[in-house]
Amino acid sequence: RQKKSVKTLDAVVVLGGEDAFGCLYWLGNIFTKDPIYQKKKIRLIVGPMAKGKILRLAGKVVGIVKILRNPRNLARIMSAARVGITNAGTSLMEFSSLGVPTLVFPQSRQEEKFMKVFLRQGGSVLGENNSQRLRQQLLCLWDDPVLWKRRSCLAQKLIDGRGVKRTAQAILQTFQERRMP
């Protein structure tokens, strides 16, 4: 398990390598135009295969939003988040292992299936595609420490950090079974 980190960022948005639906740009617009976010610290992470308008903004600060492309310290940035906004891929597992409650925006049918266990567990919530409902989701997590703590604990329970050990044991067991006559 990672050490408890200080939550210095209000939200970190990581939508995988590509951001197939342009959610980063949409979220960036919401965060920079709605006055409710003026005093928040928000990071948008642009993945390695991102395309379009968002690439022109990488490395810049737009209002309260800092846009980063492939930062080397991504794990540290994610662990500093009070809320993660992500697709339903590896980043969802990373946020969960760090105990960061997430709003999930799936980008494919596979991700829709994958996220179901995270939603059922309660550490993640399906992100709203309506700016007012999204605002309510974020405000609930930011303003209610009991809800935030509960979602954080539920997220972390799903990812126990021992996957590498289990994988190694499964591989070892497979090789041992093959050697037996």
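Residues numbered from 1 in each chain as written. Predicted model: local features only at pLDDT ≥ 70, side-chain atom pairs only at ≥ 80, totals over all residues. Heavy atoms only, no water.

Draft legend 1. Summary view of helix 1 (residues 23-33). Those residues of helix 1 that sit buried are Cys23, Leu24, Leu27, Gly28, Ile30 and Phe31. The buried residues of helix 1 occupy one face: seen down the axis, they fall within an arc of 165 degrees. (Buried < 20%, exposed > 50% of the residue type's maximum accessible area, 1.4 Å probe, protein only. Helix = DSSP H or I, 4+ residues; strand = E, 2+ residues; numbered from the N terminus. Arc of directions from axis to C-beta.)

Draft legend 2. Summary view of the sheet that holds strand 5 (residues 81-86). An order of 3-4-2-1-5-6-7 is seen for the seven strands of this open sheet, with the pairing classed as mixed. A strand with exactly one partner marks an edge of an open sheet, and here the two such strands are strand 3 (61-62) and strand 7 (124-126). Pairing geometry for strand 3 and strand 4 (residues 65-69), over two bridges, is antiparallel. Bridge assignment links Val61 to a residue of strand 4, and that residue is Lys66. Docked against the sheet, helix 6 (residues 131-143) engages strand 1 (9-14), strand 5, strand 6 (102-104) and strand 7, running at close to 150 degrees with respect to strand 5. (Pairing = 2+ DSSP bridges. Contact = heavy atoms within 4.5 Å. Axes fitted to C-alpha atoms, helices over the stretch in contact; angles between N-to-C directions.)

Draft legend 3. Spotlight on the pairing of strand 5. Where burial is concerned, most of strand 5 is hidden: six out of the six residues are buried. Taken together, the five bridges between strand 1 and strand 5 define a ladder with parallel strand orientation. Counterpart to Val14 in the pairing with strand 5 is Thr86. Of the strand pairs in this sheet, strand 5 and strand 6 are connected by three bridges, and their pairing is parallel.

Draft legend 4. View of the nonpolar core. Residues Val13, Phe31, Leu44, Ile85, Leu103 and Leu138 are the most contacted members of the largest nonpolar core, which totals 26 residues. Broken down by secondary-structure element, the contributors of at least two residues to this core are strand 1, helix 1, strand 2 (42-46), strand 4, strand 5 and helix 6. Ignoring anything within four residues of it in the chain, the contact list for Leu138 reads Phe31, Tyr37, Val83, Ile85 and Leu103. Leu9, Val14, Ala81 and Val100 belong to the second-largest nonpolar core, a separate cluster that totals 12 residues. (Core = buried A, V, L, I, M, F, W, Y, C linked by side-chain atoms within 4.5 Å.)

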